[in-house]
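# Observations on the model geometry
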Amino acid sequence: MAPLWRGAVLFRVGTFVFATTGVLLHQGEYQRQWLGWLVLGVMAGWTVFTAYAYSREPGRRAPIVVVDVLLTLVLIGLSALVLDRAYLETPQPTITTVWGASSVVAAAVQGGQVSGLLAGAVNALVSFAVRGYFTFDIARDSMLLVAVGFVIGMASTTARRSATQLHQALRAQAATAERERLARSIHDGVLQVLARVRTRGAEVTGETAELAQLAGEQEVALRSLIAAAPPDSSVDGESDLGALLQVLATPRVQVSTPATAVRMPTSTATELVAIAREALNNVDKHAGADARAWVLLEDLGEDVVLSVRDDGPGIPEGRLAEAEAEGRMGVSRSIRGRVTDLGGSLALLTAPGDGVEWEIKVGRGGAG
């Protein structure tokens, strides 16, 4: 934003020089010369103050810009006291002349197109009230003033958005580089040790074999973890849901996602991963140690469908209502509550001996 603020300062200084020239040329035609010079003095002091303030980050605040706009309107209005009616009915410039537009530029840079549009419109209305009549030239100047506020405000909004995206891109680059560094370190050390323990432990029996099995499970989980992109890798506030779900893979849990990234708001993706994790926790608690589970993600364009299925004994009819009545709210709050907050739909398919399948469907943008 600094170049836009520097432009606003240069515009103010340049228009003040122009206004000073106008006063020197037309002061003999003023009804109250002393008041004209007083207005010019206030303009000079305010030009120096805002040039200093807008050149520094702490001075580019909304309160200063609001005072800037209000003071400019007052000075424009004082032209009605400095100049007589005969002068105002001619196309000669008022005291402030184009200097009055500098506050519109400042408002546009600070607040965007809406602020620039409003400041330009109010400025044009006050200038029209001072003149007391409407001509094609006045209409043209008013339209230009409003257009300047809107266009510069649009440029300000675009620049601010671009700066935010650049900052996020730099964070993403740093996060990705750090993840790759850690992945190399883990691969060269921890993963090789776990793989060796799994391989050698499988050749024996007893507790050593159990330790080898645990080492194998941790190896799979760790490989999934370093393969998934971290949340900070999102450049535009979105994350790849498929990559986040891969972390859930274990020897007992198979995760299937589309080959292409399934990008959606990070907050929504995080909630869906939490839903899948809670469903898998229920598999561990109720389906038995040998139960397997599958996580499937489908990209339907505007919607995504997340399914979590297991081959356990299933849920007996009425068991969920009974658990909720007993105060065990895991399914109700962790799964149904999250889906409701996301504005999605939830389907539960289960029968004794046929396992359990949760199907969650949400819009690509999350809660509407």
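The preceding data block contains the structure.
Quick summary incoming for the structure in this document. (Residues numbered from 1 in each chain as written. Predicted model: local features only at pLDDT ≥ 70, side-chain atom pairs only at ≥ 80, totals over all residues. Heavy atoms only, no water.)

### Side note on the overall build of the protein chain
Regarding its fold elements, the protein chain presents 13 helices and 7 strands. Expressed as a percentage of the 368 residues in the protein chain, the buried residues total 35%. Intrachain contacts of the protein chain at a sequence separation of at least 6 include 71% that bridge at least 24 residues. If you sum the accessible surface of the protein chain, you get close to 19700 Å²; carbon and sulfur atoms cover 61% of it. (Helix = DSSP H or I, 4+ residues; strand = E, 2+ residues; numbered from the N terminus. Buried < 20%, exposed > 50% of the residue type's maximum accessible area, 1.4 Å probe, protein only. Contact = heavy atoms within 4.5 Å. Areas by Shrake-Rupley, 256 points an atom, 1.4 Å probe, with all protein chains shown as cover.)

### A short note on the environment of Pro 3
The residue Pro 3 is located in helix 1 (residues 2–26) in this model. Pro 3 sits in the exposed class, given a relative accessible area of 55%. Separated by 156 residues in the primary sequence, Pro 3 and Ala 159 place their C-alpha atoms 10.0 Å from one another.

### A short note on the sheet that holds strand 7 (residues 356–363)
Reading across the sheet, the 5 strands line up as 2-4-5-7-6 and stay open at both edges, with mixed pairing between neighbours. Of all strands in the sheet, those bounded by a partner on one side alone are strand 2 (253–256) and strand 6 (345–350). Ignoring strand direction, the axes of neighbouring strands in this sheet form an average angle of 10°. Where strand 6 meets strand 7, 6 bridges bridge the pair, whose relative direction is antiparallel. For Ala 347, the partnering residue across the bridge sits in strand 7 and is Glu 359. This element, helix 11 (residues 266–286), spans strand 2, strand 4 (293–299), strand 5 (303–310) and strand 7 of the sheet and lies at about 10° to strand 5. (Pairing = 2+ DSSP bridges. Axes fitted to C-alpha atoms, helices over the stretch in contact; angles between N-to-C directions.)

### Brief notes about the nonpolar core
Of all hydrophobic cores here, the largest spans 33 residues; its most connected members are Leu 241, Leu 245, Leu 272 and Ile 360. When sequence neighbours within four positions are dropped, the list of residues in contact with Ile 360 reads Leu 272, Ile 275, Val 304, Val 305, Leu 306, Val 339, Ser 345 and Leu 346. With 19 residues, the next largest nonpolar core counts Trp 5, Val 9, Val 65 and Val 105 among its residues. (Core = buried A, V, L, I, M, F, W, Y, C linked by side-chain atoms within 4.5 Å.)

### Some thoughts on unusual backbone geometry
If a residue is not glycine, its phi is most likely negative; likewise, a peptide bond is most likely trans. One non-glycine residue, Thr 97, lies in the positive phi region at around 45°. Classification of Thr 97 by relative accessible area gives partly exposed; the value is 22%.

### Thoughts on the packing of aromatic side chains
According to the stated counting rule, one finds 3 aromatic pairs in the structure shown. Ring centres 6.1 Å apart and planes at 85° place the aromatic pair Tyr 30 and Tyr 87 in the edge-to-face group. On the criterion of sequence distance, the pair formed by Tyr 30 in the loop between helix 1 and helix 2 (33–53) and Tyr 87 in helix 5 (residues 85–88) is long-range, its members being 57 residues apart. A single burial state applies to Tyr 30 and to Tyr 87, both of which are buried. Over the ring of Trp 294 we find Arg 309, and its NZ or CZ is 4.5 Å from the ring centre. (Phe/Tyr/Trp six-rings, centres within 6.5 Å; stacked < 30°, edge-to-face > 60°. Lys NZ or Arg CZ within 6 Å of the ring centre and 35° of its normal.)

### Quick word on the side chain of Asp 68
Looking at where Asp 68 falls in the secondary structure, it is placed in helix 3 (residues 62–77). A polar side-chain atom of Asp 68 sits 2.9 Å from a polar atom in the side chain of Tyr 54. Setting aside residues up to four positions removed in sequence, Asp 68 forms contacts with Arg 12, Trp 46, Thr 50, Tyr 54, Ser 103 and Ala 106. (Polar contact = N/O pair within 3.5 Å; in protein donor to acceptor, adjacent residues only side chain to side chain.)

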